[in-house]
Amino acid sequence: RREGFELQAAARTRASEAQMLQEKLLREQQLLNDEQQAAEQGAARLRQLRGELATTERLRADVEGELQQLRQRAKDLEEKCASQRAWQEEQRQKHGSSEVALERLREELRGLSADKAKLQREVDEVSHERTRLEVELQVATPALQEVLKRSQGLEDRLAMRVRELGVEADRLRQIRKDAN
């Protein structure tokens, strides 16, 4: 009889332990689900940042191409200005006393200077935009690296929790088996 009471007490203790382990397993499963959700959110954010990085890189390449075109255009205009100045000098020598011709050349030179100033503003704007894009790229790069690092940490934690839960599940099965 005493042995029966001891067995019943032992069975109640094991049942209580099994109940506690089962509750712990449920909590651990909830934590695992939370960690998986956080990892998925981190992966989604990483994909988004990679997409933004690719777009920024394309924009940067486009801006650099436009800047090169503007530089070439400015160079061409400077050559045109130089040839216009040479032409102006030739005209001045041919028509030294012709105020009308000189005024016309001055107007053309002012127009070219205005074009050059306009092009310089465009070059400045493109340079500013390029600088802004480079800053955005520099700002986005550490965030992307942090997300990659955090994602790797979450993956490592998830793998460790899966192993721990596997051990807990094996232990629970063994306790149930022993209880039966």
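For the structure itself, consult the block above.
Let me sum up the structure you'll find in this document. (Residues numbered from 1 in each chain as written. Predicted model: local features only at pLDDT ≥ 70, side-chain atom pairs only at ≥ 80, totals over all residues. Heavy atoms only, no water.)

1. Examining the side chain of Glu28
Thinking step 1. When you line up the elements, Glu28 lands in helix H1 (residues 2-94).
Thinking step 2. Its relative accessible area of 14% is what places Glu28 among the buried residues.
Thinking step 3. Leaving out residues up to four positions away in the same chain, Glu28 has contacts with Arg161 and Leu165. (Helix = DSSP H or I, 4+ residues; strand = E, 2+ residues; numbered from the N terminus. Buried < 20%, exposed > 50% of the residue type's maximum accessible area, 1.4 Å probe, protein only. Contact = heavy atoms within 4.5 Å.)

2. Some words on the side chain of Arg161
Thinking step 1. Tracing the sequence through the fold places Arg161 in helix H2 (residues 99-179).
Thinking step 2. Residue contacts for Arg161: discarding those within four places in its chain leaves Glu28, Leu31, Leu32 and Glu35.

3. Digging into the environment of Ser151
Thinking step 1. One can find Ser151 in helix H2.
Thinking step 2. Exposure remark for Ser151: the relative accessible area of 12% places this residue in the buried category.
Thinking step 3. Each C-alpha atom, one on Ser151 and one on Gly42, is 6.0 Å from the other, the two residues being 109 residues apart in sequence.

4. Thoughts on the pattern of salt bridges
Thinking step 1. Within this structure, the stated rule accounts for 11 salt bridges.
Thinking step 2. The partner of Arg130 in a salt bridge is Glu64, and the shortest N-O contact between them spans 3.6 Å. With a gap of 66 residues between them, Arg130 in helix H2 and Glu64 in helix H1 connect regions that are remote in the sequence.
Thinking step 3. According to the relative accessible area criterion, Arg130 is partly exposed, its value standing at 26%.
Thinking step 4. Each member of the salt-bridge network shares a partner with another, and the members are Arg60, Glu64, Arg130 and Glu134. (Salt bridge = Lys/Arg side-chain N within 4 Å of Asp/Glu carboxyl O.)

5. Overview of the environment of Leu21
Thinking step 1. Following the sequence through the fold, Leu21 ends up in helix H1.
Thinking step 2. Classification of Leu21 as buried rests on a relative accessible area of 12%.
Thinking step 3. On a C-alpha basis, the gap between Leu21 and Val139 in space is 47 Å, while along the polypeptide they are 118 residues apart.
Thinking step 4. In contact with Leu21, other than residues within four places in its own chain, are Glu168, Arg171, Leu172 and Ile175.

6. Brief notes about the environment of Glu129
Thinking step 1. With respect to the helices, strands and loops of the structure, Glu129 is situated in helix H2.
Thinking step 2. For Glu129, a relative accessible area of 28% corresponds to the partly exposed category.
Thinking step 3. Sequence separation of Glu129 and Val63 is 66 residues, and the distance between their C-alpha atoms is 7.9 Å.
Thinking step 4. Within the local environment of Glu129, its side chain forms a polar contact with the side chain of Arg132, the two groups lying 2.3 Å apart. (Polar contact = N/O pair within 3.5 Å; in protein donor to acceptor, adjacent residues only side chain to side chain.)

Function-wise, these values are silent; they only describe arrangement.
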